[in-house]
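Listed below are the residues making up each chain.
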Amino acid sequence: MNYWLMKSEPDVFSIDDLQREPKKTAHWDGVRNYQARNHMRSMNRGDHGFFYHSNCAEPGIVGILEVVREAYPDHTAFDPASKYYDPNSATEKPRWDMVDVRFIRRLRRTITLAELRHLSSLDGFALVRRGNRLSVMPVSADHWQLILGLED
DNA sequence: GCCAACGTTGGC
DNA sequence: GCCAACGTTGGC
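Cut-off values and rules
- Residues numbered from 1 in each chain as written.
- Chains lettered and ligands numbered in written order.
- Predicted model: local features only at pLDDT ≥ 70, side-chain atom pairs only at ≥ 80, totals over all residues.
- Heavy atoms only, no water.
- Pairing = 2+ DSSP bridges.
- Helix = DSSP H or I, 4+ residues; strand = E, 2+ residues; numbered from the N terminus.
- Axes fitted to C-alpha atoms, helices over the stretch in contact; angles between N-to-C directions.
- Contact = heavy atoms within 4.5 Å.
- Near = heavy atom within 4 Å.
- Polar contact = N/O pair within 3.5 Å; in protein donor to acceptor, adjacent residues only side chain to side chain.
- Nonpolar A, V, L, I, M, F, W, Y, C, P; charged D, E, K, R; others polar.
- Buried < 20%, exposed > 50% of the residue type's maximum accessible area, 1.4 Å probe, protein only.
- Arc of directions from axis to C-beta.

A short note on the sheet that holds strand β5 (residues 97-112)
With mixed pairing, six strands are arranged side by side in an open sheet as β2-β5-β4-β3-β1-β6. Because the sheet does not close on itself, it has two edges, and the strands there are β2 (25-27) and β6 (136-139). Taken over all neighbouring pairs, the strand axes of this sheet differ in orientation by 35° on average, direction set aside. Relative to strand β3 (residues 48-53), helix α4 (residues 141-148) is tilted by about 55°, and along the sheet it contacts β1 (3-8), β3, β4 (60-73), β5 and β6.

Okay, structure coming up:
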């Protein structure tokens, strides 16, 4: 099993929104960055990921999700009414993909970005690299366990 | 292929 | 709201 981290702005789509979805499952649409898309293409059913809240008062990891459907075309790219519309992503040759993810649980507390930045043991973790803006990134098994260990 | 201009992300 | 750090676009 591989581990991931996926960012979402809570004002747009929060961990609570995911929990409220039917079957607690949602499309992870709107990714418009090639590196992030390629990470989604590498995901396997059953992989786990951190749900990260970005661009908010307390940025950090708030929960855990599971990949329940592997990458397939992101239909919002075909929809002129969508803010994620991409005229360069033709339906016969889709440029952008999404995965389906299911809510597993909330963390008992938010593990903040500020806190993670202070851990030298997380050196090399993409999230805490300076200037990182990637919205979907891998997490090593070691880092996954280490971060979960911070929860209590 | 270079690179300046522009747009976006996201912490603070 | 500011702005640093990137990514993308498009002229040449």
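Let's talk about the protein's contact with DNA strand C
By nearness alone, every residue bordering DNA strand C is listed as Asn33, Tyr34, Arg130, Gly131 and Arg133. Of all DNA strand C atoms lying within 4 Å of any protein atom, the proportion belonging to sugar or phosphate reaches 62%. A distance of 2.4 Å is found between a base oxygen of DNA strand C and a side-chain nitrogen or oxygen belonging to Arg133. Of the residues belonging to the surface near DNA strand C, the class tally is one nonpolar, two polar and two charged.

So, α4
Here α4 has its buried residues at His143, Trp144 and Ile147. Buried positions in α4, seen along its axis, are confined to an arc of 105° and lie on one side of it.

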